[in-house]
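# What the coordinates show
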Amino acid sequence: MVTLETIIALCKRCGFVYPSAEIYGGLNGVYDYGPLGAALKNNIRKFWKKSLVTTDKTIVFFEGSLLGPESVWQASGHVSNFHDPMVDCLECKKRFRADEIDLEKSCPACGKKNWTAQRQFNLMFKTAVGALEDASSVAYLRPETAQAIFINFKNILSSNRVKIPFGVAQIGKAFRNEITPKQFLFRTREFEQMELEWFCKPENAAPDFEYWLNQRKNFYQAIGLTEANLRFRAHEQTELAHYSASCTDVEYNFPFGWKELEGIANRGNFDLTQHSTHAKKDLSVFDDETKQSYLPHVVECSVGADRLMLALLCDAYSEENIDGEKRVVLKINPAIAPITAALLPLSKQLNEPIHKIFKELQHKGYAVQFDETGSIGKRYRRQDEIGTPLCFTYDFDSTTDNTVTVRDRDTMQQERIAISHIETVIKKKLGF
Ligand code: ATP
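In what follows, the accompanying structure is described. (Residues numbered from 1 in each chain as written. Predicted model: local features only at pLDDT ≥ 70, side-chain atom pairs only at ≥ 80, totals over all residues. Heavy atoms only, no water.)

## Details of the packing of aromatic side chains
- Counting across every chain of the model gives 16 aromatic pairs.
- Here the aromatic rings of phenylalanine 166 and phenylalanine 199 are separated by 5.6 Å at their centres, their planes lie at 35°, and the arrangement is tilted. Here phenylalanine 199 lies in strand β11 (residues 190–200) and phenylalanine 166 lies in strand β10 (residues 166–175), a separation of 33 residues in the sequence. Residue phenylalanine 166 shares its accessibility class with phenylalanine 199, and that shared class is buried.
- Measuring from centroid to centroid gives 4.0 Å for tyrosine 243 and phenylalanine 270, while their planes differ by 10°, and the two rings are stacked. Of the two residues, tyrosine 243 sits in the loop between β12 (230–234) and β13 (246–254) while phenylalanine 270 sits in helix α8 (residues 270–279), which places them 27 residues apart along the sequence.
- On the basis of relative accessible area, tyrosine 243 is assigned to the partly exposed category, the value being 26%.
- The rings of Phe150, Phe153, Phe166 and Phe199 are connected pair by pair, giving a single aromatic cluster.
- Positioned above the aromatic ring of tyrosine 33, the side-chain terminus of lysine 41 is 4.0 Å from the ring centre. (Phe/Tyr/Trp six-rings, centres within 6.5 Å; stacked < 30°, edge-to-face > 60°. Helix = DSSP H or I, 4+ residues; strand = E, 2+ residues; numbered from the N terminus. Buried < 20%, exposed > 50% of the residue type's maximum accessible area, 1.4 Å probe, protein only. Lys NZ or Arg CZ within 6 Å of the ring centre and 35° of its normal.)

## Some details on helix α9 (residues 305–316)
- Helix length check: α9 (12 residues) gives 16 Å between terminal C-alpha atoms against 16 Å at 1.5 Å per residue, within 8%.
- The buried fraction of α9 is high, at 12 of 12 residues. (Expected span 1.5 Å × (residues − 1).)

## Concerning the site of the ligand
- What surrounds the ligand is a group of 15 residues, the closest being Glu178, Arg187, Thr188, Glu260 and Leu261.
- Contacts to the ligand include arginine 187, whose side-chain N or O atom sits 2.7 Å from an oxygen atom.
- Backbone polar atom of glycine 304 to an oxygen atom of the ligand: 2.9 Å apart, as the coordinates give it.
- Those elements giving two or more residues to the shell around the ligand turn out to be β11, β14 (257–268) and β17 (297–304). (Near = heavy atom within 4 Å. Polar contact = N/O pair within 3.5 Å; in protein donor to acceptor, adjacent residues only side chain to side chain.)

## Section: the layout of surface pockets
- The volume enclosed by the second largest pocket comes to roughly 670 Å³.
- The wall of the second largest pocket is formed by 26 residues, among which Asn43, Lys46, Phe47, Ala335 and Phe432 lie closest to the centre.
- Listed by contribution, the elements that provide at least two residues to the lining of the second largest pocket are α2 (35–53) and α7 (205–223). (1 Å grid on protein atoms, 1.4 Å probe; cavity = no way out; pocket = protein on both sides within 12 Å on 5 of 7 lines; lining within 4 Å. Points joined across faces, edges and corners; volume = space filled by probe spheres on them.)

## Quick notes on the nonpolar core
- Membership of the largest hydrophobic core comes to 58 residues, with the highest contact counts inside it found for Phe16, Leu225 and Leu308.
- At 9 residues, α9 tops the list of elements feeding residues into this core.
- Counting residues in each nonpolar core, the second largest holds 20 residues, with Ala148, Ile149, Ile164 and Leu272 among its members. (Core = buried A, V, L, I, M, F, W, Y, C linked by side-chain atoms within 4.5 Å.)

## A look at empty space enclosed by the protein
- Applying the stated criterion across every chain, the model contains 1 cavity of 30 Å³ or more.
- Contributing to the lining of the largest cavity are Tyr31, Tyr33, Lys41, Lys173, Leu185, Thr188, Glu190, Phe191 and Asp306.
- Elements represented by at least two residues in the lining of the largest cavity include exactly β2 (31–33) and β11.
- Tallied by class, the residues present in the lining of the largest cavity amount to 4 nonpolar, 1 polar and 4 charged. (Nonpolar A, V, L, I, M, F, W, Y, C, P; charged D, E, K, R; others polar.)

## What to know about the pairing of β13
- Of all 9 residues in β13, 8 are buried, a share of seventy percent or more.
- Between β13 and β14, which follow one another and run antiparallel, lie 2 residues. (Pairing = 2+ DSSP bridges.)

## A word on the side chain of threonine 248
- Of note, threonine 248 is situated in strand β13.
- Judged by relative accessible area, which is 6%, threonine 248 ranks as buried.
- What threonine 248 contacts, discounting residues up to four positions off in sequence, is Phe209, Leu213, Phe232, Arg233, Ala234, Glu262, Gly263 and Ile264. (Contact = heavy atoms within 4.5 Å.)

## Focus: the pattern of salt bridges
- Tallied over the entire structure, the rule returns 36 salt bridges.
- Between glutamate 251 and arginine 231 there is a salt bridge; the shortest N-O distance is 2.7 Å. On the criterion of sequence distance, the pair formed by glutamate 251 in strand β13 and arginine 231 in strand β12 is long-range, its members being 20 residues apart.
- Of the residues examined, glutamate 251 reaches a relative accessible area of 7% and is grouped as buried.
- Linked through salt bridges whose partners overlap, the residues forming this network are Glu320, Arg327, Lys331, Arg381, Asp384 and Arg407. (Salt bridge = Lys/Arg side-chain N within 4 Å of Asp/Glu carboxyl O.)

## Here's the deal with the pairing of strand β9 (residues 138–141)
- Judged from the 3 bridges that link them, strand β4 (residues 67–69) and β9 form a sheet pairing that is antiparallel. Bridge pairing in β9 links glycine 68 to tyrosine 140.
- Relative to β9, strand β8 (residues 126–128) runs antiparallel, the two sharing 3 bridges. Residue pairing across strands places threonine 127 opposite alanine 139, the latter belonging to β9.

## Structural notes on the environment of proline 334
- Its place among the elements puts proline 334 in the loop between β19 (325–330) and β20 (341–345).
- For proline 334, a relative accessible area of 19% corresponds to the buried category.
- Expressed as a C-alpha distance, the spacing of proline 334 and glycine 224, which sit 110 residues apart in the sequence, is 9.6 Å.

## A word on the sheet that holds β12
- If you walk across this open sheet you meet the 7 strands as β3-β10-β11-β17-β14-β13-β12, and the pairing is mixed. A strand with exactly one partner marks an edge of an open sheet, and here the two such strands are β3 (59–62) and β12. Looking at each pair of strands side by side, their axes are set apart by 20° on average, direction ignored.
- By the bridge criterion, 6 bridges tie β14 to β17 in an arrangement that is antiparallel. Its bridge partner lying in β17, asparagine 266 is registered against valine 299.
- Against the sheet, α2 touches β3, β10, β11 and β17, its axis set at about 5° to β11.
- Running at roughly 150° to β14, α7 makes contact with β3, β11, β12, β13, β14 and β17 of the sheet. (Axes fitted to C-alpha atoms, helices over the stretch in contact; angles between N-to-C directions.)

The structure is reproduced here in structure tokens:
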């Protein structure tokens, strides 16, 4: 299995992910996405959105604010409960999550045993809104995207002609002041969530939970994660939050072990109840059949876009030995590959005609790259490493016979095709 260090190095080398503010020494647990990372993440978002709209369910999309007043987070329980236990080593001053180490043993960093008492650390980033800092100006950067959906539930319902059951989906940043951010994109302080909140009648929550669980299984299969590296772990009764009827974690076999990728939960009517009570607003809906009002129940599917990207990179990475030379290849699903096709002139003298083809494809919206530097073998390797499924090479024969060589990333097989067929070959690769 690939090591995390290999993935981190690839990400830096190829422009997927950089440590944030690197020239100033970096900011721990925060990353910037380079051109390829931004493209890959965008394709992941699109893939997730498509997986929702291609169901037969009603889904609307939403974008909530990142800042929220304290009242929201008091109602959601985050102010009083969103804590992790923290402990410091008095010798080397390193800080740890107390639930992640054995306090009976000595410090894993310095080998001495001199712990502080455990303290609870709230993971939310607190700030003040406006020029006056008093109790009324307290706000938090959201630690999850979901609450904005719950507090807008009535707005969405009354302004969009949607009826229960329906889903509200959102992709956006969340912030957690993790005590020990680690494992690269796995646990960061600023990250992105892709969340679906599905509102349904109480009696449908259990079957709808099963429905979405199944949909999410299909999603992971379609996006191309290896089945053996995925498992769906239902929570034991003792693990469940008090309001939750059922919860299943989608776990991925990362280089550092099986870890959560997504949480799928039947949350009952906990969130709407909390906000109804705290905001003193009626968030119930009227059932035309029973002529009674009720608070809808919620099934939530919440996946981290960055964690998913890390899983996809680990899953796709492979090394092959080709005639004694190492070939690094990202065997990523062509539909989410940051670059779909590279257009390569065999010699710089041939740039003009193939650059024209490149521009035409770019104008049509394809993710294509033009590369004229280095030997053709080197250029193929460069594209392999970033997961480009197709390379089209224009050579001296192309000028007279109007054909190019198409090379497949995975099989490395080459075929001669008419220039007029380039777009068709790309579409086929993308599954259109
Ligand atoms: P964990 O137990 O790993 O901290 P969690 O159970 O607190 O995760 P949720 O609150 O259920 O996570 O958030 C939903 C998803 O958001 C997670 O499954 C994960 O993919 C992503 N996520 C949560 N925290 C982080 C983080 N610090 N960095 C990157 N992604 C995160």
